[in-house]
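Chain residues, written in single-letter form:
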Amino acid sequence: MRFDLLVLAFAPLVASHGAVTSYIIGSTDFPGYEGFAPSTSIKTIQRQWPDYNPTLTVSDPKIRCNGGQSAPLSASVKAGENVTAVWKQWTHQQGPVMVWMFKCDGEFASCSGDGKGWFKIDEMGMWGGVLDSNNWGTAIVVKNLKWSSAIPSNIAPGNYIIRHELLALHQANTPQFYAECAQLVVTGDGTATPPADFLYPIPGYAPQSDPGITVDIYMGKETTYTPPGGRVWSGFTF
Ligand SMILES: *[C@@H]1O[C@H](CO)[C@@H](O)[C@H](O)[C@H]1NC(C)=O
Ligand SMILES: [Cu+2]
């Protein structure tokens with residue numbers, strides 16, 4: 001009886017949300033967590049996360065990596081190469097995709113992602129002028145269950161956290177943040193680092209009242225949308 005109730009309680013949540021469940025770099029697959037069981041998982045490059053549930057406020061520490069603090073492995077990627085995140089399931093078609101990085105000072109084990117060090121390397125908001133549409137980055141994730149981003153080609157090598165964020169806006173004024181992180185060793189002979197005005201803290205990369213976060217997409221008034229958290233850093237700043 002209890003068991004049935006639990007199943008009923010969890011089924012809709014599991015069916016309607018999602019998380020990054022693996023990564024592809026070059027021709028290599030890097031598994032992430034599945035089945036909400038980090039403690040019994042094989043070792044991964046992904047920071048552990050407990051469930052598919054959204055984070056509801058931009059100031060919640062869980063927004064950083066869905067609760068994950070560290071991972072035993074890391075993946076090597078050349079500057080300029082693509083990293084593709086894979087979602088086993090995803091259903092929300094309104095809201096931006098944002099991909100962030102954070103440069104670690106040293107080892108991953110002591111790199112928590114604290115401070116104003118997060119910068120965007122990729123994003124897709126909305127196109128076509130109608131917020132209540134499926135012309136959104138997250139709708140592309142529904143279709144492909146993948147998102148591929150290039151690591152800036154001239155970025156300084158080192159240890160980085162990569163963070164894939166889906167911000168679901170289908171509930172008016174009730175944003176849902178879904179973000180997972182993985183550990184990357186970036187190689188190459190680049191020297192670029194993002195200037196201060198591209199750097200944000202996570203949690204707290206914008207106020208909850210940011211129009212890119214708290215928005216009623218059904219109001220029919222707005223025709224443009226700007227993802228929160230500033231501009232994408234391409235690696236080249238002139
Ligand atoms: C690599 O990432 C860029 C975006 O940064 C994207 O436009 C391109 O399609 C990706 N390439 C592949 C092969 O997925
Ligand atoms: Cu959901």
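Scroll up for the structure.
The structure reproduced in this document is the subject of the present report. The residue count restarts for each chain, going from 1 along the sequence in the order it is written. Labels follow written order: the first chain is A, the first ligand is 1, and so on. In view of the model being predicted, local features appear only for residues whose pLDDT reaches at least 70, and side-chain atom pairs are presented and counted only at 80 or more, with totals across whole chains, interfaces and linings using the full set of residues. Based on all heavy atoms of the structure, the side-chain values leave hydrogens and waters out of the count.

### As for the nonpolar core
Consideration 1: Within this scheme, the nonpolar core is defined by two criteria: the residues are buried Ala, Val, Leu, Ile, Met, Phe, Trp, Tyr or Cys, and they are joined through side-chain atoms within 4.5 Å. Each residue is assigned to one of three classes by its accessible area relative to the maximum for its type, calculated with a 1.4 Å probe on protein chains only: buried under 20%, partly exposed between the two thresholds, exposed over 50%. Counting 34 residues, the largest nonpolar core has Met-101, Ile-151, Ile-155 and Ile-162 as the members making the most contacts within it.
Consideration 2: A helix here means a DSSP run of H or I that spans at least four residues, while a strand means a run of E at least two residues long, and both kinds are numbered starting from the N terminus. Only strand 1 (20-25), strand 3 (75-78), strand 4 (82-87), strand 5 (97-103), strand 6 (116-124), strand 8 (158-168) and strand 9 (176-187) provide two or more residues apiece to this core.
Consideration 3: In this structure, Ile-151 is in contact with Val-77, Lys-78, Ala-79, Gly-80, Glu-81, Val-83, Met-101, Ile-121, Ile-162, Leu-184 and Val-186, ignoring residues within four places of it in sequence.
Consideration 4: Grouped together as the second largest cluster of nonpolar side chains are 25 residues, Trp-100, Leu-131, Trp-136 and Tyr-225 included. Residues are treated as being in contact if the distance between any of their heavy atoms lies within 4.5 Å.

### A word on the side chain of Asn-66
Consideration 1: By the secondary structure assignment, Asn-66 is in the loop between strand 2 (28-31) and strand 3.
Consideration 2: Asn-66 sits in the buried class, given a relative accessible area of 3%.
Consideration 3: Setting aside its immediate chain neighbours within four residues, Asn-66 contacts Gln-48, Trp-49, Pro-50, Asp-51, Asn-53, Ala-179 and Glu-180.

### Digging into the site of ligand 1
Consideration 1: We call a residue near a given molecule or strand whenever any one of its heavy atoms falls within 4 Å of it. Within the structure, ligand 1 sits among Asn-82, Ser-148, Ser-149 and Ala-150.
Consideration 2: For ligand 1, an oxygen atom lies 3.2 Å from a polar atom in the side chain of Ser-148.
Consideration 3: Relative to its unbound accessible area of 370 Å², ligand 1 is 37% covered by the protein chains.
Consideration 4: Residue polarity follows a fixed list, in which Ala, Val, Leu, Ile, Met, Phe, Trp, Tyr, Cys and Pro are nonpolar, Asp, Glu, Lys and Arg are charged, and the others, Gly among them, are polar. When the residues that make up the shell around ligand 1 are grouped by side-chain class, the tally is one nonpolar, three polar and no charged. Distance and chemistry together define a polar contact, namely a pair of N or O atoms within 3.5 Å, with one atom able to donate a hydrogen and the other to accept it when in protein, and with adjacent residues in sequence counting only for side-chain atoms on both sides. Calculation of accessible area relied on Shrake-Rupley with a 1.4 Å probe; when residues are assessed, cover is drawn exclusively from the protein chains displayed.

### Quick notes on the pairing of strand 9
Consideration 1: Among the 12 residues that make up strand 9, 10 are buried, leaving the element largely enclosed by the rest of the structure.
Consideration 2: Summarising the sheet, strand 8 and strand 9 pair through 11 bridges and their orientation is antiparallel. Each bridged residue has a counterpart across the sheet, and for Gly-158 the counterpart in strand 9 is Val-186. If DSSP finds at least two bridges between two strands, the strands pair.

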